[in-house]
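Architecture and fold: a report
Residue strings, one per chain:
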Amino acid sequence: DLNDNDITGSISNRIGELRRLAFFQIDHNMLSGTIPSEMGELENLRYAYMDHNELRGQMPDGVCALRNSASPPGVLGVFVTDCAGTDPEVSCPCCSSCEPSIFLTGSPVTAEATTAKPSSETPTSSPTTMEPTCSAVSFTINVLTDQYPSETSWTLVNTCFNQTQESVAPNTLYYLMNTSHSNEYCIPSGAYTFTINDTYNDGLCCSHGPGSYAVAYDGEQVASGGQFAGAESTSFGSCEAVPSPLPSPAFPCNLVPEERATQIRELLSIISDPSLFDEISSPQAKALEWITKDDAIEPMLCPNDKTAGGGCTRGGNVNPLVQRDVLAAFYFATEGDSWDQCSANDGDNCDRVVTPFGVSNQRVGDKGTENWLGPTNECEWGGMACWGGDTPDLNLCIDQLDFDGDGLSGELIPELSSLDSLRFLILEQGNISGPIPSQYGDLDRLMVLDIDFNQILGHIPEDFFRLDQFEAAGFE
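In this report, the structure presented in the accompanying data block is examined.

Quick notes on the rules
Per chain, residue numbering runs from 1 following the sequence as it is written. pLDDT decides what is reported in this predicted model: residues at 70 or higher carry local features, side-chain atom pairs at 80 or more are listed and counted, and totals for whole chains, interfaces and linings draw on all residues regardless. The basis for every side-chain value is the complete set of heavy atoms in the structure, and neither hydrogens nor water enter the calculation. In this description a helix means any DSSP run of H or I spanning at least four residues, a strand means any run of E spanning at least two, and both kinds are numbered starting from the N terminus. For every residue, the accessible area (1.4 Å probe, protein chains only) is compared with the maximum for its type, and the residue is labelled buried under 20%, exposed over 50%, or partly exposed between those bounds. We call two residues in contact when some of their heavy atoms are within 4.5 Å. Only the protein chains shown count as cover for residues, and the accessible areas themselves come from Shrake-Rupley with a 1.4 Å probe. Stacked, tilted and edge-to-face are the three classes assigned to paired rings of Phe, Tyr and Trp, where Trp is represented by its six-membered ring and a pair needs centres within 6.5 Å; plane angles under 30 degrees give stacked, over 60 edge-to-face, the rest tilted. For two strands to count as paired, DSSP must find a minimum of two bridges between them. Axes here refer to lines fitted to C-alpha atoms; in helices the fit is confined to the stretch in contact. Angles between the N-to-C directions go from 0 to 180 degrees. Cysteine sulfur atoms that pair up within 2.5 Å are treated as a disulfide. Salt-bridge detection follows one rule: a side-chain nitrogen of Lys or Arg within 4 Å of a carboxyl oxygen of Asp or Glu. Under this definition, polar contacts are N or O atom pairs within 3.5 Å; protein pairs additionally need one hydrogen-donor-capable and one acceptor-capable atom, and for neighbouring residues in sequence, both atoms have to be side-chain atoms.

A word on the overall build of the protein
- Along the backbone of the protein there are four helices and 24 strands.
- Residue burial in the protein is summarised as follows: out of 476 residues, 50% are buried.
- If you take every contact in the protein between residues at least 6 apart in sequence, the share linking residues at least 24 apart comes to 60%.
- Total accessible area on the protein stands at roughly 21100 Å², and carbon and sulfur atoms take up 48% of it.

Printed below as a string of structure tokens:
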């Protein structure tokens, strides 16, 4: 994100080497020249804001191929350049939105019939001033959760066109008890009905904590409360002089990147200490950075939709982002880039067959040959095995983690305890140090823990002795 920085020069033809680049925002600068054809090699690029520069010429066919690929709306879902008007600086038949360049006239840009780009500001507790190029208005919702936050959801329906503008489903955004949340959205002017819901029909207040909500539209509060049963609705705004809806950027998860990142962080705060996300060298921070910006799995996993992309949902009760993030944190904590096999940068050197242990259930990925952090379901990563379709409540949830003699080092992370489907943890003959996290005593299905020939220190957690399924341990 380098927008509005007075950057000059041109876009290097080496940009094609950034193969994992997903978000490219260079708008409102002074870049000149043409758009290099090598940009068409960015197979993971999902958003490109290049408007309000001095770039000129024809958009290369290879770049448009990203936009028009077989998976609609293509890999490149949002693509904005200076292609507006009868004589545009950039000829771009594949762009999702066209803007007039500020360098074409001597006066400020006026609003035109182009798709408004959502604000890149981080959501705050009060509405922020929208950029002049955004013809929309702000919608802000503040929620103070009660002691059962996952019961809370809401929808915002544009009644001018009878379509849902924004929404948050249960068990997605609100996980932390007695916690304030503030989220801001850039929406078109119009008439709206806002509905807040509670799945247990006891509202936000006051049986289980002093929860509340407040909604602001265009800077003015239009709804607030907390004491209701199953739902409460408020209508506001007007359809007068509202134009027909314009095509909007196809944001994955229906969330701008900043909002998706915020919701992922809040979701993962239920399994990790949130303060670790701010320590950039911690495994938890590295995993959050990867799953937010670099994970190239398709379709993209959504913090507001447990069904998007498949994966381990434990019967629809858990977002599949959780398991994927925990395994990424395990990778970074055990120095994954230095593993003997199956590291993210290991080429074709991944051939780990897990120990079968004579299990009777179907398994997925027990002969996986995919490198870790690759764009496949994590069950296909080498050294992994997951439960199969004959156990639907555990389908694609981790069953075995098997890295005997693969050069793992670093320390074990407590977050593995959140993967309560895990039965076999095999990490012997490595250089792992530090203690066994006491939280591993919560792994109720754990049957085998083998960490022989490492540098483990300390005591065996007492909770291990209450595990009903526990059969074998190796601590030599």
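Considering the packing of aromatic side chains
- Summed over the entire model, instances satisfying the criterion amount to 22 aromatic pairs.
- For the pair Trp339 and Trp372, a centre-to-centre distance of 5.1 Å together with 80 degrees between the ring planes defines the contact as edge-to-face. Highlighted residues: Trp339 in the loop between helix H4 (321-333) and strand E17 (363-364) and Trp372 in the loop between E17 and strand E18 (384-387), separated in sequence by 33 residues. Both residues of the pair, Trp339 and Trp372, belong to the buried class.

Remarks on the sheet that holds strand E13 (residues 191-198)
- Strand order in the open sheet formed by four strands is E11-E10-E13-E16, and the pairing between neighbours is antiparallel. Looking at which strands have only one partner, the edges of the open sheet turn out to be strand E11 (163-168) and strand E16 (231-237). Ignoring which end each strand starts from, the neighbouring axes of this sheet average 15 degrees apart.
- Across seven bridges, E13 lies against E16 in antiparallel orientation. When the bridges of E16 are listed, Tyr192 appears paired with Phe236.

Comments concerning the pairing of strand E14 (residues 212-217)
- Burial analysis of E14 places five of its six residues in the buried class, which makes it a mostly covered element.
- With five bridges joining them, E14 and strand E15 (residues 220-225) adopt antiparallel strand pairing. Looking across to E15, one finds that Tyr213 is bridged to Gly225.

Section: the state of the cysteines
- Tallied over the full model, the rule gives seven disulfides.
- Disulfide pairing places Cys64 opposite Cys94 at an S-S distance of 2.1 Å. Looking along the S-S bond of the Cys64-Cys94 disulfide, the torsion reads about -70 degrees, which is the left-handed sense. Placement of the pair is Cys64 in helix H1 (residues 61-67) and Cys94 in the loop between strand E7 (90-91) and strand E8 (97-98), with a sequence separation of 30 residues. Pair check on accessibility: Cys64 and Cys94 agree, each one buried.

Focus: the pattern of salt bridges
- Here the structure, examined in full by the defined rule, presents 10 salt bridges.
- Of the charged contacts in the structure, one is a salt bridge between Arg14 and Glu17, with a shortest N-O distance of 2.9 Å.
- With a relative accessible area of 54%, Arg14 lands in the exposed category.
- The salt bridge involving Asp399 is made with Arg423; its shortest N-O contact spans 2.7 Å. With Asp399 in strand E19 (residues 398-402) and Arg423 in the loop between E19 and strand E20 (424-426), this pair connects stretches of sequence that are 24 residues apart. Taken individually, Asp399 and Arg423 each receive the classification buried, so the pair is uniform in this respect.
- The structure contains a network of salt bridges with shared partners spanning Asp295, Arg324 and Glu378.

Considerations on the environment of Pro188
- Positionally, Pro188 belongs in the loop between strand E12 (180-187) and E13.
- Residues Pro188 and Gln165 lie 23 residues apart in sequence; the distance between their C-alpha atoms is 9.0 Å.

Side note on helix H3 (residues 283-294)
- Buried within H3 we find Pro283, Gln284, Ala285, Ala287, Leu288, Trp290, Ile291 and Thr292.
- In this structure, the buried side of H3 is in contact with helix H2 (257-268) and H4.

Section: the sheet that holds E12
- Spatially, four strands are ordered E12-E9-E14-E15 in an open sheet, and the strand pairing comes out antiparallel. The open sheet has two edge strands with one neighbour each: E12 and E15. Direction aside, the axes of adjacent strands within the sheet are offset by 15 degrees on average.

A word on the side chain of Gln323
- Its place among the elements puts Gln323 in helix H4.
- In this structure Gln323 comes out as buried when scored by relative accessible area, which is 1%.
- Looking at Gln323, its side chain comes within polar contact range of the side chain of Glu378, at 3.1 Å.
- Of note is the side chain of Gln323, whose polar atom sits 3.1 Å from the backbone oxygen of Leu396.

Let's talk about unusual backbone geometry
- For the peptide bond that leads from Cys205 to Cys206, omega is 15 degrees, which places it in the cis range.
- By the secondary structure assignment, Cys206 is in the loop between E13 and E14.
- Of note, the amide linkage connecting Glu298 to Pro299 takes the cis form, showing an omega dihedral of -5 degrees.
- Its identity as a non-glycine residue notwithstanding, Phe357 has a phi of 60 degrees, on the positive side.
- Along the chain, the position of Phe357 falls in the loop between H4 and E17.
- On the basis of relative accessibility, which here comes to 36%, the residue Phe357 falls in the partly exposed class.
- Not every positive phi belongs to a glycine, and Leu373 is a case in point at roughly 70 degrees.
- With respect to the helices and strands, Leu373 occurs in the loop between E17 and E18.

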